[in-house]
Amino acid sequence: MNIVTPDICDDHPEVQVVEPGFRNFGGVDAFGGEVVTVKCFEDNSVVKEQVATPGNGRVMVVDGGGSRRAALLGDMLAEQAASNGWAGLIIYGCIRDVDVIGKTRLGVQALGTHPRKTEKKGVGDLNVPVTFGGVTFRPGQYVYADNNGIVVSEKKLG
C-alpha cells in the first residue's frame, strides 16, 4: 500500500486523525500496520522487550505520557525493531540517536529528541488502550503515518 494520509482521509472519512505535533525521524517516511500498544512513563523496558519479538509488519504505539525528560527509543532498539520486522513506532515522547535512526529501515514518529536514556525498572503495560493526540489507540486497529500526519482506522486499508 502506498501510504499518503491526505488520500486516506479523502477516501476513508471515518478514520481518526491524530492532532499535529509529531515529527518523522525514521528512515522510512511512510508506514502503517496493525497497532500494538505500550503504556510507559520514562521507562522503556516494555519497548525493549517488544522490539525483540517478531513485528510482522505491525506498528508499536507508545504512550510515554508526552515526557520530554528522557528518550524511549534509541538506535540499538530501532535497529532491533527493523531487524525483527516492525513497520514502525509512534512515540508520544522523545527518542535519541536520531542520525542513526534516520538511516534505519523503520518508520519512527515522535514528539522530539532528548539525549538521556530512560531508567529500566520493568514498569509499563502492553496492549492496553492508550490515548494521546485526541485519539484512543487500541490493539488490533490500524495506524498509518507519513510526513502529513497520523491516522487510525478500525480496519486494514488498501
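Bear in mind the structure is a predicted one, so any value in this text is a computation, not a measurement. (Residues numbered from 1 in each chain as written. Predicted model: local features only at pLDDT ≥ 70, side-chain atom pairs only at ≥ 80, totals over all residues. Heavy atoms only, no water.)

Undergrad: Looking at this structure, how should I read the nonpolar core?
TA: In summary, soluble globular proteins display a tendency toward joint burial of nonpolar side chains. Counting residues in each nonpolar core, the largest one holds 22 residues, and the members touching the most others are Val47, Met60, Val62, Leu73, Leu89, Ile91 and Ile95. Contributions of two or more residues to this core are made by β3 (31-39), α2 (45-51), β4 (59-63), β5 (71-73), α3 (75-83), β6 (88-95) and β7 (107-113). Setting aside its immediate chain neighbours within four residues, isoleucine 95 contacts Phe25, Ala71, Leu73, Ile101, Val108, Ala110, Gly112, Thr113 and His114. In this structure, Val28, Ile90, Leu111 and Val130 belong to the second largest nonpolar core, which totals 18 residues. (Core = buried A, V, L, I, M, F, W, Y, C linked by side-chain atoms within 4.5 Å. Buried < 20%, exposed > 50% of the residue type's maximum accessible area, 1.4 Å probe, protein only. Helix = DSSP H or I, 4+ residues; strand = E, 2+ residues; numbered from the N terminus. Contact = heavy atoms within 4.5 Å.)

Undergrad: Help me understand the layout of surface pockets, please; the structure alone is not making it clear to me.
TA: If a probe the size of a water molecule is rolled over the atoms, the empty space left behind becomes visible. There is about 240 Å³ of room inside the largest pocket. When residues of the lining of the largest pocket are traced back to their parent elements, those giving at least two are β5 and α3. For the lining of the largest pocket, the class distribution of residues is four nonpolar, two polar and six charged. (1 Å grid on protein atoms, 1.4 Å probe; cavity = no way out; pocket = protein on both sides within 12 Å on 5 of 7 lines; lining within 4 Å. Points joined across faces, edges and corners; volume = space filled by probe spheres on them. Nonpolar A, V, L, I, M, F, W, Y, C, P; charged D, E, K, R; others polar.)

Undergrad: Looking at this model, I keep getting lost on the pairing of β4. Mind explaining?
TA: Regular strands show a simple pattern: their side chains alternate between the two faces of the sheet. Extensive coverage of β4 is indicated by the burial of five of its five residues. Residues of β4 alternate between two faces, with Val59, Val61 and Asp63 on one and Met60 and Val62 on the opposite face, all of them buried. Bridge count between β3 and β4: five bridges; the pairing is parallel. The partner of lysine 39 across the bridge, within β4, is aspartate 63. Regarding the hand of the β-α-β motif, the stretch spanning β3, α2 and β4 is right-handed. (Pairing = 2+ DSSP bridges. Right-handed = clockwise from strand over helix to strand, strands pointing away.)

Undergrad: How do you make sense of the environment of alanine 110 when you look at a structure like this?
TA: One can find alanine 110 in strand β7. Residue class for alanine 110 comes out buried when judged on its relative accessible area of 0%. Expressed as a C-alpha distance, the spacing of alanine 110 and serine 45, which sit 65 residues apart in the sequence, is 18 Å. In contact with alanine 110, other than residues within four places in its own chain, are Gly21, Phe22, Arg23, Phe25, Ile91, Gly93 and Ile95.

Undergrad: Can you help me understand α3 in this one?
TA: Side chains three or four residues apart in an α-helix point the same way, a direct result of the helix having 3.6 residues per turn. Along α3, the residues classified as buried are Leu77, Ala78 and Ala81. Angular distribution of buried residues about the axis of α3 spans 100°; they occupy a single face of the element. Of the exposed residues in α3, those oriented more than 90 degrees away from the buried face are Met76 and Ser83. (Arc of directions from axis to C-beta.)

Undergrad: How should I be thinking about the environment of methionine 60 in this particular structure?
TA: Relative to the helices and strands, methionine 60 resides in strand β4. Taking the C-alpha atoms as reference, methionine 60 lies 23 Å from aspartate 7; in sequence the two are 53 residues apart. Excluding residues that lie within four positions of it along the chain, methionine 60 makes contacts with Val36, Val38, Val47, Gln50, Val51, Trp86, Gly88, Leu89 and Ile90.

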